[in-house]
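Listed below, chain by chain, are the residues.
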Amino acid sequence: MTSTIEPAAPPAAAVAELKPIPDQLRSDRGLPLIGRVFDFIKDPLALMRHQWETYGPVSPLYSALDQGVMLLGPDACEEALRNKDKAFANEPAWGKIVGPFFHRGLMLLDFDEHHGHRRIMQEAFTRDRLAAYTARMHPAIEQGMAGWATGPRFKAYPALKQLTLDIAADIFMGGAQDTSRAEMDHVNKAFIDCVQAAAGIVRANVPLTRWGKAYRSRKVLERFLRHYLPAKRATRTDDIFSVLCHIETEDGERFSDDDVVNHMIFLMMAAHDTSTITTSTMLQYLGQHPEWQERCRAEALALGPEPTLPEIEGLHALDWVMKEALRLRAPVPLLMRRAVKDTAIQGYRIPAGTDVMVGVQFSHVMEEYWTNPMVFDPERFSPERREDKSHRYAWEPFGGGVHKCIGLYFAGMEVKAIMHRLLRNYHWTVDPGYRAPLDNHSLPFPKDGQPLHLVRNRSTR
């Protein structure tokens, strides 16, 4: 499978009618070499709002090394994500941010090659397989929560991160039975290093830098997976690792060993990092809004301890809370693309070679599409309101177009399965004035571990 990039450019007459990207104000150029990176790390949404109010949907955001634009609002985001003329590619953009560490994962493939790999991988996420993963997930969740310590300063984020890694090890790896807790902790740290490389200033294999740590951590992940690869090739089981080893197209196309390892590293990162962010956000808001916690708990108690996939899908209030959490704190607030040929967005000329930042988080809080957008209000997703239907791309936490997250249904099932057991087994509260101090170097997570007061409900297991 090889990538195909169409070289054709818009007709000269059409290009002449396009507006140039607005000039960037001197006050907005930021620091030498790194531009506005620290402004983004401090408050991504504030930077997006400033760009929108100053420049509109297509705004300049340059550094000394890169020519770039930020796209804001659902109209501009839709044009880039739907990518009708195949002008935007993922790999050249993500590659210089995390490319060496998630090399040839699905997100870093483009065009025909991406289509071919995605078609094979989709077989790992059929409805029948999702139902099987659901049944298998409940014991892993129960076991993962068994050692949780209750009390007034329970740190939810690291506990959830360990839990989702354990779930990924079971569902993706088939349990990895001969792996010790110390080794799994080592693997978890390796994933963290690879993700946080996105904020690296020195983008080379230099010791003590983010990229230097990530290069070493990528080797840890490769060794971990290659240790199990021969056994997965030899025996068919129902975990995703085995599925990727054995699945093939009608034409007999299969993943190579390198393909399997590359996809597993990316999928396991996506499966436990983004799910952790979403679940911890839900815990925060349900802890601050006890009426919604009780509403969701009533749904959970109406089911048994190990609900089926259709039963999890029927947890409507919990689904609205999850969607509202994804709206208020998108796990991936900014999607990267690179223009590989001249194109246009919202009537602006986007030259080939331009880095494009698709600000999906900003669409989630625009008053044009959402009622009181900064307020926690899950009923905005109810059938009577459906504010997410105000625009096809008003709510886009999973991206859009051909690169829309392949695991979105798995992620929703996992998050709701975790929350279902939490609601049955625990009550928790969060200070109404608490605002998570987010680390935005890569994917947003609470730097303080997101403390809450966790109390076990002894009447239900």
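Residues numbered from 1 in each chain as written. Predicted model: local features only at pLDDT ≥ 70, side-chain atom pairs only at ≥ 80, totals over all residues. Heavy atoms only, no water.

Focus on the pairing of strand β2 (residues 68-71)
Phase 1: What you see with β2 is no split at all: Gly68 and Met70 on one side and Val69 and Leu71 on the other are buried throughout.
Phase 2: Note: strand β1 (residues 58-60) against β2, three bridges, orientation antiparallel. Opposite valine 58, over in β2, you have leucine 71 as the bridge partner.
Phase 3: Where β2 and strand β8 (residues 355-358) come together, four bridges link them in parallel fashion. Across the sheet, residue glycine 68 finds its bridge partner in β8, namely aspartate 355. (Buried < 20%, exposed > 50% of the residue type's maximum accessible area, 1.4 Å probe, protein only. Helix = DSSP H or I, 4+ residues; strand = E, 2+ residues; numbered from the N terminus. Pairing = 2+ DSSP bridges.)

Things to note about the packing of helix α15 (residues 316-328) against helix α17 (residues 408-425)
Phase 1: The contact between α15 and α17 brings their axes to 11 Å, and the two run at 120°. The way α15 lies across α17 gives a crossing that is right-handed. On α17, the residues that touch Leu318, Asp319 and Met322 of α15 are Gly412, Val415, Lys416, Met419, His420 and Leu423.
Phase 2: Split by residue class, the contact of α15 with α17 holds five nonpolar, two polar and two charged. (Axes fitted to C-alpha atoms, helices over the stretch in contact; angles between N-to-C directions. Left-handed = near helix turned anticlockwise from the far one by under 90°. Contact = heavy atoms within 4.5 Å. Nonpolar A, V, L, I, M, F, W, Y, C, P; charged D, E, K, R; others polar.)

Let's talk about the UniProt feature "binding site: heme" (unreviewed entry) in the protein chain
Phase 1: This chain's UniProt record puts "binding site: heme" (unreviewed entry) on Cys405.
Phase 2: You can see cysteine 405 is positioned in the loop between α16 (360-363) and α17.
Phase 3: Among the residues examined, cysteine 405 registers a relative accessible area of 31% and is labelled partly exposed.
Phase 4: Those residues in contact with cysteine 405 that lie beyond four places of it in its chain are Arg118 and Phe398. (UniProt positions renumbered as here; feature names shortened; annotations may be inferred.)

Quick notes on the sheet that holds β2
Phase 1: Strands sit in the order β1-β2-β8-β5-β3 across an open sheet of five strands; the sheet is mixed. Two strands lie at the open edges of the sheet, namely β1 and β3 (88-89), each paired on one side alone.
Phase 2: Helix α3 (residues 44-55) rests against β1 and β2 of the sheet, and its axis sits at about 105° to β1.

Side note on a positive patch on the surface
Phase 1: Among the surface-exposed residues, Lys84, Lys389, Arg392 and Lys404 lie close enough to one another that they form a single positively charged patch.
Phase 2: Mapping lysine 389 onto the fold places it in the loop between α16 and α17.
Phase 3: Using a relative accessible area of 60% as the deciding quantity, one classes lysine 389 as exposed. (Patch = residues over 30% accessible without salt bridge, like charges linked within 9 Å, V, L, I, M, F, W, Y side chains within 5 Å. Areas by Shrake-Rupley, 256 points an atom, 1.4 Å probe, with all protein chains shown as cover. Salt bridge = Lys/Arg side-chain N within 4 Å of Asp/Glu carboxyl O. Lys, Arg positive; Asp, Glu negative; His and termini not counted. Charge placed at Lys NZ, Arg CZ, Asp CG, Glu CD.)

Description of the sheet that holds strand β12 (residues 451-456)
Phase 1: Judged by pairing direction, the sheet is antiparallel, and its three strands sit side by side in the order β4-β12-β9 without closing on themselves. The sheet terminates laterally at β4 (151-155) and β9 (426-429), the two strands that pair on one side only. Between one strand and the next, the sheet's axes are offset by a mean angle of 45°, whatever the strand orientation.
Phase 2: Two strands pair when backbone bridges link them, and β9 and β12 are joined in this way by four bridges, in the antiparallel orientation. The partner of histidine 427 across the bridge, within β12, is valine 455.
Phase 3: Packing against the sheet, α17 makes contact with β9 and β12, and its axis sits at approximately 90° to β9.

Quick look at the pattern of salt bridges
Phase 1: Evaluated as defined, the whole model comprises 27 salt bridges.
Phase 2: Of the charged contacts in the structure, one is a salt bridge between lysine 232 and aspartate 239, with a shortest N-O distance of 3.0 Å.
Phase 3: Through salt bridges with shared partners, a single network forms among Glu324, Arg327, Asp377, Arg380, Arg385 and Glu387.

Focus: the packing of aromatic side chains
Phase 1: Applying the stated criterion across every chain yields a total of 16 aromatic pairs.
Phase 2: Taking the centre distance of 5.5 Å and the plane angle of 45° together, the rings of tryptophan 52 and phenylalanine 362 count as tilted. Of this pair, tryptophan 52 sits in helix α3 while phenylalanine 362 sits in helix α16; the two residues are 310 residues apart in sequence, bridging distant segments of the chain.
Phase 3: Note on tryptophan 52: relative accessible area 25%, which makes it partly exposed.
Phase 4: Between tryptophan 148 and tyrosine 426 the ring centres are 6.2 Å apart and the planes differ by 35°, which places this aromatic pair in the tilted class. Residue tryptophan 148 is found in the loop between α7 (127-145) and β4, and its partner tyrosine 426 is found in strand β9; the two are separated by 278 residues along the sequence. Pair check on accessibility: tryptophan 148 and tyrosine 426 agree, each one buried.
Phase 5: Here a set of aromatic residues connected by ring pairs shows up, and it is made of Phe125, Tyr133, Phe172 and Phe410.
Phase 6: Geometry around tryptophan 370 places arginine 327 over its ring, the cationic atom sitting 5.3 Å from the centre. (Phe/Tyr/Trp six-rings, centres within 6.5 Å; stacked < 30°, edge-to-face > 60°. Lys NZ or Arg CZ within 6 Å of the ring centre and 35° of its normal.)

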